[in-house]
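Descriptive analysis of the structure
Chain by chain, the residues:
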Protein chains: 2
Amino acid sequence: MSAESRFLSLLRSIATDPAARGLADDVALLEIGGARLILTSDTMVEGVHYLPADPPADIGWKLAAVNLSDLAAKGAKPAGCLLSYALSGDESWDATFLEGLKEALNYYAMPLLGGDTVTMPPRAPRSYSLTAIGEATGPIPARSGARAGDRLYVTGPVGDAGVGLELARLSSGAAGPLIEAFRRPRPRLAEGMLLAPHVHAMMDVSDGLLLDASRMGAASGLAVTIDHIPLSSALEAVRGGSTATQIAAARAGDDYELLFALPARMKPSVRAIPVGRFSAGAGLTLVIDGAAVPLPDSLGWEHG
Amino acid sequence: MSAESRFLSLLRSIATDPAARGLADDVALLEIGGARLILTSDTMVEGVHYLPADPPADIGWKLAAVNLSDLAAKGAKPAGCLLSYALSGDESWDATFLEGLKEALNYYAMPLLGGDTVTMPPRAPRSYSLTAIGEATGPIPARSGARAGDRLYVTGPVGDAGVGLELARLSSGAAGPLIEAFRRPRPRLAEGMLLAPHVHAMMDVSDGLLLDASRMGAASGLAVTIDHIPLSSALEAVRGGSTATQIAAARAGDDYELLFALPARMKPSVRAIPVGRFSAGAGLTLVIDGAAVPLPDSLGWEHG
């Protein structure tokens, strides 16, 4: 068990309120005065969650996007957010960060309501937190509701952000759709609201398709089979479509597509790609080109 | 204008939703589905907001307390909070921090609902954010509502935490009520709920009585006179009661008492000490032992 897992166990012993959902989900659900609120908070740290050379506007965008993606997975409508910002000592950098944050908040109609600004000691890594509040618009899907026989879908191809990260590491000035996928993820808020009333389970794919699908299977008490790994044409143009490329794409994090379980008789109400199915049992099976393949040692990104 | 002020100006240009209240207050007010929510977020950074040698349980307590104090100033009832925690690399330190946080949350009946845990790069300073959500229980006081003729009150003596900080700097093992005031502030949640329906203006004293009173006066478009600086017997035992001691106490931060304006004809509904009055005009006047004294160069703690 990692230090983080042990810390989370301690946190669970404090977070005993039903609204905390045992910290088993990415969000908390707070019912108050007739409103059903979805609460989430995500922190980004320089050198951990982004590259120091990433453009500051993109970091601002991404901080908003990762939080909004948690709301999307619950079918929630953005209601407001609070920013905790550590001044970097470089005013122009900070201003550009805010520009990117503003673009994302405007794009997704998420009001910035307040927060806190602190000055860090010299040479401290930059870090930022955003707390996002959403309002449930209908049923609130959990990651634990999949049923045997359900199909598993994802709202778009996977792996683009992972390859984008590799390309950005090689050259901070690189551009194109894969870099864009890594630096400016597009949370699926509209899709989340449309899907929430129909899905049995839903979550965002932030840590890799294999890892997140296995989490949905475990939370639902089911076995899950992944039999298709959807790649974008941009990714195939750079990496081809070999089994190794497919596995790498399914292990890569930062995609922020939605992953959901739907009864086999139903068609998704938004554009989505079937990637697998649930059945009685436990564990993850990976099938590529019709044949079961051994699972990689690590299924995805354990952060962090 | 400081870098932080310029950054806040940029933030204000983004935070245009009415719920953000122009970022002029310590909190945001979000009305949603019939609920009136008070939102606040405070970050504590090692070496900036606390001493590296402070006991971790006290740091955990204080992180909760500073956020709860913002709710107290609005007469809000705690509804839930989210923790953003940077693992320190020292598991026993982290566990003790959580113990202190838990004590404060239990004491004030504030449920921990979720959050995010990150691992910082080596040698990064520790930092933590808490976002607290409260539910308004009645009228929500602003800092801007004082009227000419109102009396100004504070719920307890000021300056204890400031002297506690000085003592803690001299010896990390020091103990006693002043150290306790610095490390384990007691936000006035019950007092805030009882006062909120009656006050014209209210805020917590986090940056020093002089600075916070001058802010209330400026926000209300009034002149404010401070004619009494209440000192605790613990502080007087260490520092005496000279004019210099009184001014130092009125400039010290971290008290977390409530400061409020009440019509002269009303008596406060909780224990409180009269410290001044509002009148037409602008600016802060300080009166000690019946005579106006020059204001110190810095009125309090501009953070940070």
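Residues numbered from 1 in each chain as written. Chains lettered and ligands numbered in written order. Predicted model: local features only at pLDDT ≥ 70, side-chain atom pairs only at ≥ 80, totals over all residues.

**What to know about the overall build of chain A**
For chain A, the helix and strand inventory stands at nine helices and twelve strands. In terms of overall size, chain A behaves like a compact globule, its C-alpha atoms giving a radius of gyration of 19 Å where 304 residues would be expected to give roughly 19 Å. Taken along the three principal axes of its C-alpha coordinates, chain A extends 55 × 50 × 40 Å. Evaluated residue by residue, chain A yields a buried proportion of 56% over its 304 residues. Across chain A, contacts joining residues at least 24 apart in sequence account for 83% of those joining residues at least 6 apart. (Helix = DSSP H or I, 4+ residues; strand = E, 2+ residues; numbered from the N terminus. Rg over C-alpha atoms; globule rule 2.2 N^0.38 Å. Buried ≥ 20, exposed ≤ 12 C-beta atoms within 10 Å, placed from the backbone. Contact = placed C-beta atoms within 7 Å.)

**Comments concerning the environment of Ser232(A)**
Residue and element names in this part refer to chain A. Looking at the element boundaries, serine 232 is found in the loop between β8 (223-226) and α8 (233-239). On the basis of neighbour count, serine 232 is assigned to the partly exposed category, with 18 C-beta atoms found within 10 Å. Residues serine 232 and threonine 155, spaced 77 residues apart in sequence, show a C-alpha to C-alpha distance of 12 Å. Setting aside residues no more than four positions away along its own chain, serine 232 makes contact with Pro157 and Asp160.

**Digging into unusual backbone geometry**
All names here are of chain A. Within the chain, alanine 109 stands out as a residue other than glycine whose phi angle is a positive 55 degrees. Examined against the element boundaries, alanine 109 turns out to sit in the loop between α3 (91-107) and β4 (112-119). Accessibility expressed as a C-beta count within 10 Å gives 10 for alanine 109, which makes it exposed. Not every positive phi belongs to a glycine, and tyrosine 256 is a case in point at roughly 60 degrees. The exposure class of tyrosine 256 is buried, given the 24 C-beta atoms found within 10 Å.

**Some thoughts on the interface of chain A and chain B**
On the side of chain B, 56 residues touch chain A, which itself brings 56 residues to the contact. Contributions of two or more residues to the side of chain A that touches chain B are made by α1 (3-14), β1 (28-32), β2 (35-45), β3 (76-87), α3, β4 and β5 (127-136) of chain A. Of the residues contributing to the side of chain A that touches chain B, the split by class is 32 nonpolar, 15 polar and nine charged. (Nonpolar A, V, L, I, M, F, W, Y, C, P; charged D, E, K, R; others polar.)

**Considerations on the relation of the copies chain A and chain B**
Mapping chain A onto chain B calls for a screw motion: a turn of 180 degrees about the axis and a shift of 0.0 Å along it, with 0.0 Å RMSD after fitting. The transformation just described matches what one would write down for a two-fold rotation axis. If distances are taken from each C-alpha of chain A to the rotation axis, the shortest is found for Ala124(A), at 2.7 Å. With an isologous cut-off of 70% or more, the 100% of interface residues of chain A that recur at the interface of chain B puts this contact in the isologous class. (Least-squares fit on C-alpha atoms with pLDDT ≥ 70 in both.)

**Comments concerning the packing of helix α2 (residues 56-72) of chain B against helix α3 (residues 91-107) of chain B**
All names here are of chain B. Contact pair α2 / α3: the axes reach a minimum separation of 6 Å and the direction vectors enclose 40 degrees. Overall, the two elements α2 and α3 adopt an arrangement that is oblique. As α2 runs across α3, the sense of the crossing is right-handed. Of the residues in α3, those touching α2 at Pro56, Ala57, Asp58, Ile59, Gly60, Trp61, Leu63, Ala64 and Ala65 are Trp93, Thr96, Phe97, Leu98, Glu99, Gly100, Leu101, Glu103, Ala104 and Leu105. Looking at the contact of α2 with α3, its residues break down into 13 nonpolar, three polar and three charged. (Axes fitted to C-alpha atoms, helices over the stretch in contact; angles between N-to-C directions. Parallel < 35°, antiparallel > 145°, perpendicular 65-115°, else oblique. Left-handed = near helix turned anticlockwise from the far one by under 90°.)

**A closer look at the domain arrangement of chain A**
All names here are of chain A. Here chain A is described as being made up of domain 1 (3-136) and domain 2 (151-293). A straight line from the C-alpha centre of domain 1 to that of domain 2 covers 22 Å. Considering each element in turn, the side of domain 1 that touches domain 2 owes the most residues, nine residues, to helix α2 (residues 56-72). (Domains from an automatic or database assignment.)

**A word on the sheet that holds strand β9 (residues 258-262) of chain B**
Residue and element names in this part refer to chain B. In spatial order, the strands read β7-β9-β6-β10-β8-β11-β12; together these seven strands make up an open sheet with mixed pairing. Each edge of the open sheet carries a strand with a single partner, namely β7 (201-204) and β12 (291-293). Averaged over all pairs of adjacent strands, the angle between strand axes in this sheet comes to 30 degrees, irrespective of strand direction. Where strand β6 (residues 151-154) lies against β9, four bridges are found, and the strand directions are antiparallel. By the bridge assignment for β9, tyrosine 153 is matched with phenylalanine 260. (Pairing = 2+ DSSP bridges.)

**A look at helix α9 (residues 243-251) of chain B**
Buried within α9(B) we find Gln246(B), Ile247(B), Ala249(B), Ala250(B) and Arg251(B). Its buried side turned inward, α9(B) meets α4 (160-170), α7 (209-220), β8 (223-226), α8 (233-239) and β11 (284-288) of chain B.

**A short note on the sheet that holds strand β4 (residues 112-119) of chain B**
Reading across the sheet, the five strands line up as β1-β2-β5-β3-β4 (chain B) and stay open at both edges, with mixed pairing between neighbours. Among the strands making up the open sheet, the edge pair consists of β1 (28-32) and β4 of chain B. Across the sheet, the mean angle separating the axes of adjacent strands is 20 degrees when strand polarity is ignored. Pairing geometry for strand β3 (residues 76-87) of chain B and β4(B), over seven bridges, is parallel. Residue pairing across strands places Cys81(B) opposite Leu112(B), the latter belonging to β4(B). Against the sheet, α1(A) touches β3 and β4 of chain B, its axis set at about 165 degrees to β4(B).

**So, the environment of Leu189(A)**
All names here are of chain A. With respect to the element layout, leucine 189 can be found in helix α6 (residues 189-195). Using a count of 24 C-beta atoms within 10 Å as the deciding quantity, one classes leucine 189 as buried. As a C-alpha pair, leucine 189 and aspartate 207 span 18 residues in sequence and 18 Å in three-dimensional space. Sequence-distant contacts of leucine 189, that is, excluding residues within four places in its chain, are made with Leu68, Leu71, Ala72 and Tyr108.

**Overview of the pairing of strand β2 (residues 35-45) of chain B**
All names here are of chain B. Among the eleven residues in β2, nine count as buried, and that is most of the element. With five bridges connecting them, β1 and β2 associate as antiparallel partners. In the sheet register, glutamate 31 faces β2, and the bridge partner there is arginine 36. Bridge count between β2 and strand β5 (residues 127-136): nine bridges; the pairing is antiparallel. Looking at β5, one finds that aspartate 42 is bridged to leucine 130.

**Topic: the pairing of β6(B)**
The side chains of a regular strand alternate, residue by residue, between the two faces of the sheet. Residues and elements named next belong to chain B. Neither face of β6 is exposed, since Arg151 and Tyr153 on one face and Leu152 and Val154 on the opposite face are all buried. Inspection of the sheet shows β6 paired to strand β10 (residues 273-279) by four bridges, in the antiparallel sense. Directly across from leucine 152, in β10, lies its bridge partner glycine 276.

**Some points on the environment of Ser41(B)**
In this structure, Ser41(B) sits in strand β2. In this structure the C-alpha to C-alpha distance between Ser41(B) and Asn67(B), which are 26 residues apart in sequence, comes to 6.6 Å. When residues no more than four places from it in sequence are discounted, the contact partners of Ser41(B) are Leu82(A), Ser84(A), Gly114(A), Gly115(A), Asp116(A), Thr131(A), Ser129(B) and Thr131(B).

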